[in-house]
Amino acid sequence: MQLVIVESPAKAKTIEKYLGSDYRVLASYGHVRDLPAKDGSVDPDAGFAMEWENYADKTRQLKAIADEAKHADRLILATDPDREGEAISWHVQEVLRARKALPKDVQRVTFNAITKPAVTAAMAAPRELDTDLIDAYRARRALDYLVGFTLSPVLWRKLPGAKSAGRVQSVALRLIVDREREIEKFVAQEYWSVIAQMEHDGTPFAARLVTWKGQKLDRLSIGNQGDALAAKADVEAGRFTVQSVETKPATRNPPPPFTTSTLQQEAARKLGFSADHTMRIAQGLYEDGAITYMRTDGVQMDGSAISAARRAIADRYDAHYVPDAPRQYQTKAKNAQEAHEAIRPTDFGKDRVGSGDHARLYDLIWKRALASQMASARLERTTVEMADGTGRNVLRATGQVVMFPGFLALYEEGTDDTQDEEARRLPRLREGDSPAKKAVDAEQHFTQPPPRFSEASLVKRMEELGIGRPSTYASIIKTLKDRGYVRVEKNRFFAEESGRLVTAFLERFFEKYVGFDYTAELEEELDDVSGGRAQWQKVLEAFWRDFKPRTAEVMEQQPSAITAELDQFLGDYLFPEKADGSDPRLCPNCGEGRLALRGGRFGAFIACSNYPECKFTRRFAQAGAADGADTGPENLGKDPATGLEVERKSGRFGPYIQLGEGKDAKRASIPKDIGELDLEWALKLLSLPRTIGNHPETGEPITASIGRYGPYLAHSGKYARLQSTAEVFETGMNAAVAKLADAAAGGGRPQRGAARAPLKELGKHPRTEAEIKLMEGRYGPYVTDGTTNATLPKSITPEALTLEEAAQLIDARAAAAPAKSKAKKKAPAKKAATKPAAKKAPAKAAAKKASPKKAAG
């Protein structure tokens, strides 16, 4: 028996079917072990020795792999064809070695697609584990660990409220923060354009004023309304005649097939997918055998795939759309070991796979890969210049005509910030023509700041700078979101206060390690390890030699000294110059104290130097910003019961109410669904939790309150959600008992063991007329006709499943069933043959039990 290890159970099932009965295929379910999250897992003093720990949730799977390995003649490690896949294979091998279950014959195979030809070809060409890739993995993992476990404690102790810092994540965050700074410093400049609406032979077109009074104009030349109106009047008064017509042929070549990075960018632009979502959907398509491996820097396609693409183009279009010679693309990746084939369909004959987001992403991949082998588009770009009688005022019109669409008939690449690039259609004009002038417009504009990063443009910029690797971008961006360092609005990244503060700290005290050039150089060194050009421990030694002393130096500084340094570093942001020239640091509350950055238990904030006499505070944000305005505490009045002041304040987690001062002060967050906060509402919120009464059945109290996840009811450790803050104060006993009962019943979910209702009744099978239903199973959704059950592939979403798709799944499952049922029929015969021996077993057992008695006697 030969044991094959892959990463996912979906792949295991498919590959076992391809390989046959002599093979047993098991899944590792990704990585099986990692560095423990504790100090000392990497020991720089012992040659960066690493202590690995098996994942607790992989115990069962590792046991299953070890049990099979003990009886296997050969172990075939067939995890993904990249650095992480190589590392997983190495980890599995080391775990089996430690358990003394490693077969003598261990081989590594990789395949770029989960198809029968690809898998069988890979099995025929095994190799050994790539030690260079494993060393590169160890170097990266050790680096990330050392940065995280050395730098994060510095952040926690010296910058209250900070969460953590990562090697590449911190540099990505700096990109977003730097863009925010550019936007804040940007000063908009007014400019005007003068556009004439023309018409010739019934075709309208627009022409821009490019020369006025003999002076050539650039974009900012007309800077005020007066000049714009004067220029407009001159154009209105003139009769413009075509002075020159320049036509140039142009060619547009198709873009190469997708890499990991370009797939993430294009899916973000055209489908609105996050990088993380794109990779999850692509993983499903890969495991279903629909596309090749989706973590790649390569743009080249296999020769057989190129031939298949050219045939598909010829079938779909005429011969003009197939170029004379196949197109060859070269990867720009510096590390050839990681430059696998581009992302493409495994079968160009399938123009549709799956449903929902899987179908949309597959369509994008299929079109891009097919277009990459299509003929170039032929264009004709035309520039027309028209002058008035004086020759001192000139209008220019530009346009573009597609003479032959080529690949544009199928696919056009998206852009992050779309602009009209001479794409307008022009009428046929000749020198001496005088087009009719229909109207003249003077349009006001303002220069725009650089746009905030979208996921697509951030990924593109990181790749341009050589920061990280495309396969890690999705997890980096997700980490920034999860830690609250950035937020996303309308698909654009905004730097949060915590993100700005962490970035400022790192720039001030660890400038080298958040430098773009340094990070890119370190990536190149790690790539050299992958390529066998550098020794991984030497790369780590060079990094640790400077990094460790720097962290120790910062750790020795007092938090107050750190805050003072940041106060100066962020001075222009926190205290920008005021229009009236007054001191931006002067306290607006007492008029005497000076504002400065302070560190508190929950993070940084702005406070007056006259504290405690002046209690003015402001959140860490630029003065005048919507979320950091100079408001200070707002007095709502006094609590009639205690006589203490009730104040509205702003804290790290948003606005809150405070009753009293010091350790005994009572606080309550202000829910977002409260319109206008007054003293009455404040006292209500401070009074929570509210006791509704005792439950009629248990006699235990029912309370209503507001928690981390919103308003809720509580009773004897059971909870029920409320819809609004108002319900916390309005819900009576009857409604509370009913809501708690509904919550306890699971919102109507069936009890364990009860027959499940179908998710959807799809209709009768087109060929057998059996009723097909969509069901929710233990391992995910499946379809059934009452006889055959078929699991839904990851590329088909239950909501978009059609009757025909379900029928095809059932037919395919039924066609595969006879071989398995035949094997099951043989099993009873073997048992029957051994029945007589089974009868003798009890006698042996009895004899064994009797022998101790004889011995005792």
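Residues numbered from 1 in each chain as written. Predicted model: local features only at pLDDT ≥ 70, side-chain atom pairs only at ≥ 80, totals over all residues. Heavy atoms only, no water.

Enquirer: Help me understand helix 15 (residues 516-530), please; the structure alone is not making it clear to me.
Expert: Given 3.6 residues to a turn, an α-helix orients residues that are three or four positions apart in the same direction. Between its first and last C-alpha atoms helix 15 spans 21 Å; for 15 residues at 1.5 Å apiece the expected length is 21 Å, and the two agree. Every buried residue of helix 15 is accounted for by Phe 516, Tyr 518, Thr 519, Ala 520, Leu 522, Glu 523, Leu 526, Asp 527, Val 529 and Ser 530. Buried positions along helix 15 lie against helix 5 (131-158), helix 6 (167-185), helix 12 (455-465) and helix 16 (536-555). Once helix 15 finishes, Gly 532 follows within two positions and takes phi at roughly 75°, a positive value. (Helix = DSSP H or I, 4+ residues; strand = E, 2+ residues; numbered from the N terminus. Expected span 1.5 Å × (residues − 1). Buried < 20%, exposed > 50% of the residue type's maximum accessible area, 1.4 Å probe, protein only. Contact = heavy atoms within 4.5 Å.)

Enquirer: Sorry, what's going on with the pattern of salt bridges here?
Expert: If the charged atoms of two oppositely charged side chains come close together, the side chains can form a pair. This structure, assessed with the given rule, holds 45 salt bridges. Close ionic contact of Glu 266 with Lys 270 constitutes a salt bridge, the shortest N to O distance being 3.4 Å. Placement of both Glu 266 and Lys 270 in helix 8 (residues 260-271) is noted, with a separation of four residues, approximately one turn of the helix. Of the charged contacts, one joins Arg 487 and Glu 489 as a salt bridge, the two residues approaching to 2.6 Å between their closest N and O atoms. The structure contains a network of salt bridges with shared partners spanning Arg 140, Asp 144, Arg 167, Glu 523 and Asp 527. (Salt bridge = Lys/Arg side-chain N within 4 Å of Asp/Glu carboxyl O.)

Enquirer: What is the right way to read empty space enclosed by the protein from this model?
Expert: Think of a ball as big as a water molecule: rolled over the atoms, this probe shows where empty space is left. Within this structure, the stated rule accounts for three cavities of 30 Å³ or more. Here the largest cavity is characterised by a volume of approximately 110 Å³. Lining the largest cavity are 14 residues; nearest its centre among them are Val 147, Gly 166, Arg 167, Tyr 513 and Val 514. Contributions of two or more residues to the lining of the largest cavity are made by helix 5, helix 6, helix 15 and helix 16. The element contributing the most residues to the lining of the largest cavity is helix 15, with three residues. Grouping the constituent residues of the lining of the largest cavity by class yields 10 nonpolar, three polar and one charged. (1 Å grid on protein atoms, 1.4 Å probe; cavity = no way out; pocket = protein on both sides within 12 Å on 5 of 7 lines; lining within 4 Å. Points joined across faces, edges and corners; volume = space filled by probe spheres on them. Nonpolar A, V, L, I, M, F, W, Y, C, P; charged D, E, K, R; others polar.)

Enquirer: Mind showing me how you'd approach the packing of helix 2 (residues 59-69) against helix 3 (residues 83-98) here?
Expert: A packed helix pair is summarised by two numbers, namely the angle formed by the two axes and the spacing between the axes. Two elements in contact, helix 2 and helix 3, have axes whose closest approach is 10 Å; the angle formed by their N-to-C orientations is 65°. Of the possible angle classes, the one that applies to helix 2 and helix 3 is roughly perpendicular. Two packed elements cross with a definite hand, and for helix 2 against helix 3 that hand is right-handed. Contacts from Leu 62, Ile 65, Ala 66 and Ala 69 of helix 2 reach helix 3 at Val 92, Val 95 and Leu 96. Taken together, the residues of the contact of helix 2 with helix 3 sort by class into seven nonpolar, no polar and no charged. (Axes fitted to C-alpha atoms, helices over the stretch in contact; angles between N-to-C directions. Parallel < 35°, antiparallel > 145°, perpendicular 65-115°, else oblique. Left-handed = near helix turned anticlockwise from the far one by under 90°.)

Enquirer: Got a minute to help me understand the sheet that holds strand 27 (residues 710-715) in this structure?
Expert: Pairing between the strands of a sheet is mediated by backbone hydrogen bonds and can be parallel or antiparallel. Strand order in the open sheet made by the four strands is 25-26-27-28, with antiparallel pairing throughout. If you trace the sheet from one side to the other, it starts and ends with strand 25 (690-694) and strand 28 (718-721), each paired once. Along the sheet, successive strands turn relative to each other by an average axial angle of 25°, direction set aside. Inspection of the sheet shows strand 27 paired to strand 28 by four bridges, in the antiparallel sense. Across the sheet, Tyr 712 pairs through a bridge with Arg 721, a residue of strand 28. (Pairing = 2+ DSSP bridges.)

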